Amino acid sequence: MANVVKHVKVNGFTEYLRAVQQYKDSSLHLFTLFTGSVNDDGKSWCPDCNDAHPVIEEALNDAPECSCFITVYIDRATWKDRENNFRKSQDLQLTSVPTLIKVGSEKRLVEAQCSKLSLVQMLLEDD
């Protein structure tokens, strides 16, 4: 991740809110990946998340300078609860993982879109 200034990893909704609050008013380009939590082998319970991970890591090499990339790990039990905060939040309204967003914009990739390098690169482009 040559150009990414900051890579923040958090678990759950509360830590996500805390991270966004910390970086949203900075001059950094702020991106968030919502993904399934990983086990001791580094694999997620979410197959699409496993497919997307290497693609996103590759695309981050060309992310704009002064970027912050927040990875939010969501455990399977939380995600399967239809009333979880990620789904209910008016700001997020997540419908699937993985979901990659540019915070403060409408830019969003979901599920298999996160495994397409050209789409991820477009989302990460400097406006």
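Right above here is the structure, for reference.
Quick summary incoming for the structure in this document. Computed from a predicted structure; not experimentally measured.

Note that an α-helix has 3.6 residues per turn; residues three or four places apart therefore point the same way. Every buried residue of helix H5 (residues 117-124) is accounted for by Val 120, Leu 123 and Leu 124. Taken down its axis, H5 places every buried residue within 95° of arc, on the same side. Each element contacted by the buried residues of H5 is listed here: strand S2 (29-36), helix H2 (47-59), strand S4 (99-102) and strand S5 (108-110).

Residues Tyr 16, Phe 34, Ile 70, Val 72, Phe 86 and Leu 92 are the most contacted members of the largest nonpolar core, which totals 21 residues. Where this core is concerned, the elements lending two or more residues are strand S1 (4-11), helix H1 (12-23), S2 and strand S3 (67-74). Per element, the largest residue contribution to this core is five residues, and it comes from H1. Apart from the residues within four sequence positions on either side, Ile 70 is in contact with Val 8, Val 10, Ala 19, Val 20, Leu 30, Phe 31, Thr 32 and Leu 33. Counting residues in hydrophobic clusters, the runner-up holds 15 residues, among them Val 55, Ala 59, Leu 60 and Val 120.

Here we come to the packing of aromatic side chains. Taken as a whole, this structure holds four aromatic pairs when the rule is applied. When the ring of Phe 13 is compared with that of Tyr 16, the centres are 6.3 Å apart and the planes differ by 45°; the resulting orientation is tilted. A residue pair is termed a helical-turn pair when its members lie 3 or 4 positions apart in one helix, as Phe 13 and Tyr 16 do in helix H1 at three residues. The two residues Phe 13 and Tyr 16 agree in class, both being buried. On the basis of an interplanar angle of 70° and a centroid distance of 5.9 Å, the ring pair of Phe 34 and Phe 86 is categorised as edge-to-face. Here the residue Phe 34 occupies a position in strand S2, and Phe 86 occupies one in helix H4 (residues 85-88), the gap between them amounting to 52 residues. Residue classification places Phe 86 among the buried residues on the basis of a relative accessible area of 2%. Three or more aromatic residues joined by ring pairs form one cluster here, namely Phe 13, Tyr 16, Phe 34 and Phe 86.

The buried count for S3 comes to eight of eight residues, which makes it a mostly enclosed element. Alternating residues of S3 divide into Ser 67, Phe 69, Thr 71 and Tyr 73 and Cys 68, Ile 70, Val 72 and Ile 74, and every residue in both groups is buried. As defined by bridge partners, S2 adjoins S3 across eight bridges and the pair is classed as parallel. Residue pairing across strands places His 29 opposite Ser 67, the latter belonging to S3.

What follows covers the packing of H2 against H5. The N-to-C vectors of H2 and H5 enclose an angle of 45°; their axes lie 9 Å apart at closest approach. With respect to H5, the axis of H2 lies oblique. The way H2 lies across H5 gives a crossing that is right-handed. For the pair H2 and H5, the contacting residues are Val 55, Ile 56, Glu 58 and Ala 59 in the first and Leu 117, Val 120, Gln 121 and Leu 124 in the second. Tallied by class, residues from the contact of H2 with H5 come to six nonpolar, one polar and one charged.

Here we come to the pairing of S2. With eight of its eight residues buried, S2 lies for the most part within the structure. Once you follow S2 into H2 and on to S3, the crossover reads as right-handed. Bridge count for S2 against S4 is four bridges, and the pairing is antiparallel. Within S4, the position partnered with Leu 33 by the bridge is Leu 100.

Each value, and the rule that gives it
Here the residue numbers are simple positions, counted from 1 along each chain's written sequence. Only residues with pLDDT of at least 70 are given local features in this predicted model, and only at 80 or more are side-chain atom pairs given and counted; all residues enter the totals for whole chains, interfaces and linings. The side-chain numbers reported here are obtained from all heavy atoms of the structure, hydrogens and water having been left aside. Using a 1.4 Å probe on the protein chains alone, a residue whose accessible area is under 20% of its type maximum counts as buried, one over 50% counts as exposed, and one in between counts as partly exposed. By definition, any uninterrupted DSSP run of H or I lasting at least four residues is a helix, any uninterrupted run of E lasting at least two residues is a strand, and each is numbered from the N terminus. Arc definition: it is the arc formed by the directions from the helix axis to the C-beta atoms. The contact rule is simple, with two residues in contact once any of their heavy atoms fall within 4.5 Å. Definition of nonpolar core: a set of buried residues of the types Ala, Val, Leu, Ile, Met, Phe, Trp, Tyr and Cys, connected through side-chain atoms within 4.5 Å. Within 6.5 Å between ring centres, the rings of Phe, Tyr and Trp (the latter by its six-membered ring) count as paired, and their orientation is classed by plane angle as stacked under 30 degrees, edge-to-face over 60, tilted in between. Each pair of strands is called paired provided DSSP finds at least two bridges between the two strands. An axis is simply a line fitted to the C-alpha atoms; with a helix, the fit covers only the stretch in contact. Between two such axes, the angle follows the N-to-C directions and lies from 0 to 180 degrees. Angles are sorted into four bins: roughly parallel if under 35 degrees, roughly antiparallel if over 145, roughly perpendicular if 65 to 115, and oblique for all others. In this scheme the crossing of two helices becomes right-handed for a clockwise turn of the near helix relative to the far one and left-handed for an anticlockwise turn of less than a right angle. Amino acids are sorted into nonpolar (Ala, Val, Leu, Ile, Met, Phe, Trp, Tyr, Cys and Pro), charged (Asp, Glu, Lys and Arg) and polar (every other residue, Gly among them). Whether a crossover is right-handed comes down to one check: with the strands pointing away from the viewer, does the path from the first strand over the helix to the second run clockwise; if it does, it is right-handed.

Everything listed here is a matter of geometry and, on its own, says nothing about what the molecule does.
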